[in-house]
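Here is how the chains run, residue by residue.
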Amino acid sequence: MFDRLRVLVLAAVLAVLPASLALAGDVILTVDGKIAGGKPVDLTRADLEALGSATIVTATPWRDKPVSFEGVPFKALLEKLGATGDTLYVVALNHYRSELPVADIETYDLILALKQDGAYMPVSDKGPLFIVYPFDSHPELKNEVYYARSAWQVRSITVE
Amino acid sequence: MPVRPGRSARSRSNDMSPARPDLPPICRVTGIFNVLAALMTIALLIIIAVHANLVTETERTMQRSSRYDSAWVGAAGRIEILNLQKALAGFALSRSEEDADQVVLFTEILANRFSIYRAPGFQAFLDAKPRRRQLLVEAESRFAMARPQLAAVRDLNAAALAALGAELERVFAAVDRVGAEGQADSVNEAAQIRAEMRARQTLQTWLVSGLFGSIALLLAMSTVQNRFLRSATRSAQRSAMDFSYLAHHDSLTGLPNRMAFTDAFARAAAACSEGRTRKIAVLALDLDGFKNINDRLGHGVGDALLRQVAERLAGCCAAFDNCMLTARVGGDEFVVMLDASDGAQDVLAQAEQLRAALSESYVAAGGSLLVGASGGIAVSDADGDPDALLVNADIALAQAKLSGKGRVVAFDPATREAFLRRALIEAELGEAIATGQIVPHYQIKMDVGSGRVCGVEALARWTHPTLGAISTAEFTPIAEGSGLILSLGRSILERACRDARSFPEGIGVAVNLSAIQFMRDDVVDAIEQVLRATGLPAHRLTLEVTETLMLSESERAIDTLTRLRDMGVAIALDDFGTGYSALSYLRQFPWDELKIDRSFIVEMETDARARAIVGSITAMAHELGIDVTAEGVETRGQVEALRAVGCETLQGYFLGRPVAVADLPWAMLEGVAAVARIGSGVAAPAQSRSA
């Protein structure tokens, strides 16, 4: 009984790992719409990490303590892709859809976080990509409008 | 020293003081506004306090409404588990890799959701009902148990998949219920927030209304206040003008008053002394007997008369080119200031014209009233003091009054001193009587036949501290004019009666009784009282009266004289021969003595007719059994002339001047000596020891 259970757990862990932690080579983000070339661009974690890194330490409504988020400066991503729109339509793995004004990115230096407290975020904890606002340094952001824009499990972005 | 004769008694009705106005309404309005302003300040403070509290409350509500949205968190959970169920069901049918991946993905997503359920923002919602947390905890543990199987979904057979589906169905029931409740709570809370906000908004509306109301009230108040202030300013200006007008005008006649005259006169006088203008003349006018009219016909008539006088004056003066000012300076005294550059004669003519105008009849008391007017005029000269002009005009006016009224007299510098002396005497007479400065002096009467003193006449004598001796002839008319004659006569009578007690037996005292004293109802009682008080026997007192008291009410006068004579008092008719000296007087009353006026005596030495008259009077009097005394005998020739016509009782400087009571024995001795010298042929007039 005990052995069976152990095997089961081990199997489960093995099964879970690849699904929850995307590998560096996997496409985790697709961007389309008004971008250079006009065709959808698929990006892997390596692609994103190549765009630079930024960190925001802030409390969020979803955690009782401040967390250090690390990831791609959103601005760098848009520049890299030659995005010209003013609104980003964000779709998450859980089919959550939200709109993000490009102005927010300019104003608040948003990041597309990959890591949380130094570890890559799994799907089961808002991964692999999480749009993070600097809530603590801008108290005006602490309301449901920005909480709603702060999408997790981001999968694709359409620039319009 | 401005001396104003006869102006001491100013009547109440003819007075010239301005009326005092009421307090302006602005004072009352300001009081009300102060209370309103205080109330409004309190109201505003309350509004501010309530508003501050409201803002805080609203802020709190806003924060609550901005809180983490539990409804969405719950709802998203419901979708995610449905997606997982759908993926599992799809995999059970297809067994494809893709569907397996979907199951794995949504398992992870649901795991994420359970971690979100632990988020701090969601805990308040979970704690609202204990059952919620319990449901969710159960669901999470079920999911945790199912999670390894879901991750390894590819390895499960159909039965296991069905069991897993059933397990997910249970998890779904909990998540669904919590999600639904989250939505309901959210709706309720939103409704509650809306209700609160609406209530606050209502309150806010009231506050704003209150605020606007206060502002409106303030504006209204300031408008009203402004209006009152404007009207107060206007009325202040008006009353300042009124006051200035009242201060410079006489309220009864509307003419400029004394103050206005003084101002105008000062300006004119200054112009005069700087040589800028010419001469000025001041004419003082007043009505003859105005006081009588006021007293007898009433102040109403007096006031009406004064108004007409003012109108006439103003009317006449308007016709003069050179009139500078017309003013009422006192009861019935008016002053006209004239430019006299063209000559004093013209001004005098104008003055007479004005006086004549005032003397025409007036309409008063339902009929016509004739009142005389007198005037005094003074003209400035090059080196004279202009300030003295008004005083000089007043002096001239007083002279006009004294010299028979109804005329204008020009000021004569020579009379100024006499007038001022008279004014001083008038001013100090009362005090002099009260303090005994005026005492009787005595002049002897001699019977030149027997060479004996047969009596003395008491003559009032005033020894003034600065003016020296003032004769009775000087101050008696003044005393008669002011009514002081009564106290003066009484005082002299008392002193004389007291003094006479020490006179040698057989020598009586004669005291003058003025017509004014005589007219008093109580004159008989008064004299009886004096006699009793002093202890002088009545037969030693002679009262000297003049014929004036026989002129009117002669029957009453005779009755009074008879009563006095019945008391034993002798009655002498003084100053006989002047005036009417009707012989009927001698028949109407049994006089004890006639005193022939000095004017006849003075003429006797040179005028045979005077000798004849005195002789006839003496003979007639003696025939009637009346003694005769000649007054004012000053020379031996007069003595002899009088003796020649049978008049032997004499009085005068030749026999002795009036002397103080202490000197009377010497005067008597000298009188006897003087008569003796005539008898012995030595002619030497007696000299009084002192004046």
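Just so we're clear, the structure is a prediction, and the values are computed from it rather than from any experiment.

A. Structural detail: the interface of chain A and chain B. The interface of chain A with chain B comprises 23 residues on the first partner and 24 residues on the second. Across the interface of chain A and chain B, roughly 1,800 Å² is buried in total on both sides, 66% from carbon and sulfur atoms. Across the contact surface, chain A and chain B share 3 residue pairs in polar contact (both at pLDDT 80 or more). Among the secondary structure elements, those contributing two or more residues to the side of chain A that touches chain B are α1 (2-20) and α5 (144-149) of chain A. It is α1(A) that provides the largest number of residues to the side of chain A that touches chain B, a total of 5 residues.

B. Looking closely at the sheet that holds strand β6 (residues 97-101) of chain A. All names here are of chain A. If you trace the 5 strands from one edge of the open sheet to the other, you get β2-β1-β10-β5-β6, paired in mixed fashion. The two strands at the open ends of the sheet, each matched to only one other strand, are β2 (41-44) and β6. When strand polarity is set aside, the average angle formed by the axes of neighbouring strands in this sheet is 25 degrees. Two elements, strand β5 (residues 87-92) and β6, share 5 bridges in a ladder whose sense is antiparallel. Across the sheet, residue Y89 finds its bridge partner in β6, namely E99. In the packing of helix α3 (residues 74-81) onto the sheet, contacts are made with β1 (27-33), β2, β5, β6 and β10 (154-159), and the angle to β2 comes to roughly 135 degrees.

C. Here's a closer look at unusual backbone geometry. A positive phi angle, close to 50 degrees, is found at Q153(A), a residue other than glycine. You can see Q153(A) is positioned in the loop between α5 and β10. Although it is not a glycine, R95(B) adopts a positive phi angle of roughly 60 degrees. In this structure, R95(B) sits in the loop between α2 (70-94) and α3 (97-117).

D. Seen up close, the pattern of salt bridges. All names here are of chain B. Counted according to the given criterion, the structure contains 31 salt bridges over all chains. Between R142 and E167 there is a salt bridge whose closest N-O contact spans 3.2 Å. Of this pair, R142 sits in helix α5 (residues 130-151) while E167 sits in helix α6 (residues 158-248), and the two are 25 residues apart along the sequence. With relative accessibility at 30%, the residue R142 sits in the partly exposed group.

E. Summary view of the confidence of the model for chain B. Residues and elements named next belong to chain B. With 91% of its residues at a pLDDT of 70 or more, chain B has an overall mean of 84. Under a pLDDT of 50 for its full length, residues 1-12 has, in the predicted model, 23 contacts with residues more than four places off or in other chains. Scored below 50 in pLDDT, residues 17-21 makes 4 contacts in the model with residues more than four places away or belonging to other chains. Overall fold confidence (pTM) sits at 0.45, and the ipTM for the predicted complex is 0.80.

What counts and what doesn't
Residues numbered from 1 in each chain as written. Chains lettered and ligands numbered in written order. Predicted model: local features only at pLDDT ≥ 70, side-chain atom pairs only at ≥ 80, totals over all residues. Heavy atoms only, no water. Contact = heavy atoms within 4.5 Å. Buried area = accessible area lost by both parts, 1.4 Å probe. Polar contact = N/O pair within 3.5 Å; in protein donor to acceptor, adjacent residues only side chain to side chain. Helix = DSSP H or I, 4+ residues; strand = E, 2+ residues; numbered from the N terminus. Pairing = 2+ DSSP bridges. Axes fitted to C-alpha atoms, helices over the stretch in contact; angles between N-to-C directions. Salt bridge = Lys/Arg side-chain N within 4 Å of Asp/Glu carboxyl O. Buried < 20%, exposed > 50% of the residue type's maximum accessible area, 1.4 Å probe, protein only. pLDDT = per-residue confidence, 0-100.

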